[in-house]
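What follows is the residue order along each chain.
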Amino acid sequence: MRHRRYPFIVGFLIVPVALYAVLVIWPYIQTFGYSLTDWSGESQTMHFIGLKNYTALLSDHVFLTALEHNGLLLVFLPVITILLALFFAFMLNVGGQGRTGGVQGVAGAAFYKVVFFFPQVLSVAILAVLFEAVYRSDAGGLLNGVLVKIGLENPQNPIEWLNDPGTVLWCLLAIMVWQGVGFYLVLFSAAMQSIPKEIFEAALLDGAGRAQTFFKVTMPLLWDSVQTAWVYLAIAAMDFFALVSTLTPGTAYGGGPDYHSEVLSTYLMRNFLYFGKSGYACAMGVVILFLTLIVSVLALRATRRERIEF
């Protein structure tokens, strides 16, 4: 059996590894090769230009602006989403109190989880239609209508949420947070339910408040789940293509007004399909790949802690 173990393992692995190499690794290698050329995307003719596409990125103010926007999203999207999801998961699972004084979830916790999770099942197209109505730039928009009703906005001068350079990026961030909180709430709830209730009850008996229990007991025990959520949200923050391209004004694939909602993925697609600068776009793709890898590694290392057993 020992002599046949390795052929047996190789026999199972060779097909998926080969598929991964052909469908994932090889396209990455091709993209890097194209990034060293002046390929237009519409012709088989291309010329080797070395690292000129990469050096051009350093002086491209639109690319640097998009990189800055992705950096902001990279900070705010994971932090806001994880904190809200942890708070709601804690309240749903530990926020109630039993008749005997024990810790339990609030009444109707299962129903609330379904309600919170519902935005996660909506496609990007539905999200775009839904929030286009919410952010409409007249008094008929949901958000503007509410502000007018409570007297915080002049109906003759409504806020143009998706056309205002100061609000457009934060409006998109709010959509992603709204959609993502429910998924991570369910993730954290599943992890929280594996924690013995006696730990929470002991903390409360020792005089710890809800806030202290949350930060001193819940957070350390859920750190593995938080680490996973952080990596996934960091990767999501490096994308944002679908929402920007469907909701924001500007040229092809959004990015307006005046590049204030531009992200790396939309600028890449505009260069690849609209400007005919496919080699330049491939250079952006390589940069995005390495940035995503670096961000993922840094997120894993920054959130790494000693595992707590119970």
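Higher on the page you've got the structure.
Residues numbered from 1 in each chain as written. Predicted model: local features only at pLDDT ≥ 70, side-chain atom pairs only at ≥ 80, totals over all residues. Heavy atoms only, no water.

**Let's talk about the packing of helix α3 (residues 61-94) against helix α7 (residues 168-192)**
Following both chains from N to C, one finds α3 and α7 inclined at 40°, their axes separated by 7 Å at the closest point. Regarding the angle of α3 to α7, the classification is oblique. Along this stretch, α3 crosses α7, giving a crossing that reads as right-handed. Of the residues that constitute the contact of α3 with α7, the class distribution is 24 nonpolar, 5 polar and no charged. (Axes fitted to C-alpha atoms, helices over the stretch in contact; angles between N-to-C directions. Helix = DSSP H or I, 4+ residues; strand = E, 2+ residues; numbered from the N terminus. Parallel < 35°, antiparallel > 145°, perpendicular 65-115°, else oblique. Left-handed = near helix turned anticlockwise from the far one by under 90°. Nonpolar A, V, L, I, M, F, W, Y, C, P; charged D, E, K, R; others polar.)

**Thoughts on the packing of helix α5 (residues 124-134) against α7**
At a minimum axis distance of 12 Å, the contact between α5 and α7 shows a crossing angle of 125°. The orientation of α5 with respect to α7, classified from their angle, is oblique. Note on packing geometry: the crossing formed by α5 with α7 is right-handed. Here α5 contributes Leu127, Leu130 and Phe131 to the contact with α7, which in turn contributes Ile175, Trp178 and Gln179. Of the residues assigned to the contact of α5 with α7, the class counts are 5 nonpolar, 1 polar and no charged. (Contact = heavy atoms within 4.5 Å.)

**Considerations on the side chain of Ser261**
With respect to the element layout, Ser261 can be found in the loop between α11 (241-247) and α12 (264-274). Those residues in contact with Ser261 that lie beyond four places of it in its chain are His69, Val168, Leu169, Leu172, Val244, Thr248, Gly255 and Gly256.

**Examining the environment of Leu74**
Assignment of secondary structure puts Leu74 in helix α3. Judged by relative accessible area, which is 22%, Leu74 ranks as partly exposed. Leu74 sits 164 residues away from Met238 along the chain, and the two C-alpha atoms are 7.0 Å apart. The residues touching Leu74, leaving out its near neighbours within four places in the chain, are Ala234, Ala237 and Val295. (Buried < 20%, exposed > 50% of the residue type's maximum accessible area, 1.4 Å probe, protein only.)

**Describing α12**
Burial in α12 covers these residues: Leu264, Ser265, Thr266, Tyr267, Leu268, Arg270 and Asn271. Tucked inside the fold, the buried residues of α12 contact α3, α11 and α13 (278-302). Directly after α12, the chain includes Gly276, whose backbone phi takes a positive value near 70°.

**Let's talk about the nonpolar core**
The biggest cluster of nonpolar side chains holds 51 residues, and the ones touching the most others in it are Leu77, Leu86, Tyr135, Ile175, Phe188, Met192 and Phe240. Contributing elements (two or more residues each) for this core: α3, α5, α7, α8 (197-205), α9 (210-221), α10 (223-237) and α11. Per element, the largest residue contribution to this core is 14 residues, and it comes from α7. Excluding anything up to four places from it in sequence, Leu86 contacts Phe188, Phe214, Met219, Leu222 and Val226. By size, the runner-up hydrophobic cluster in this structure holds 16 residues, among which are Leu57, Ala66, Leu268 and Ile288. (Core = buried A, V, L, I, M, F, W, Y, C linked by side-chain atoms within 4.5 Å.)

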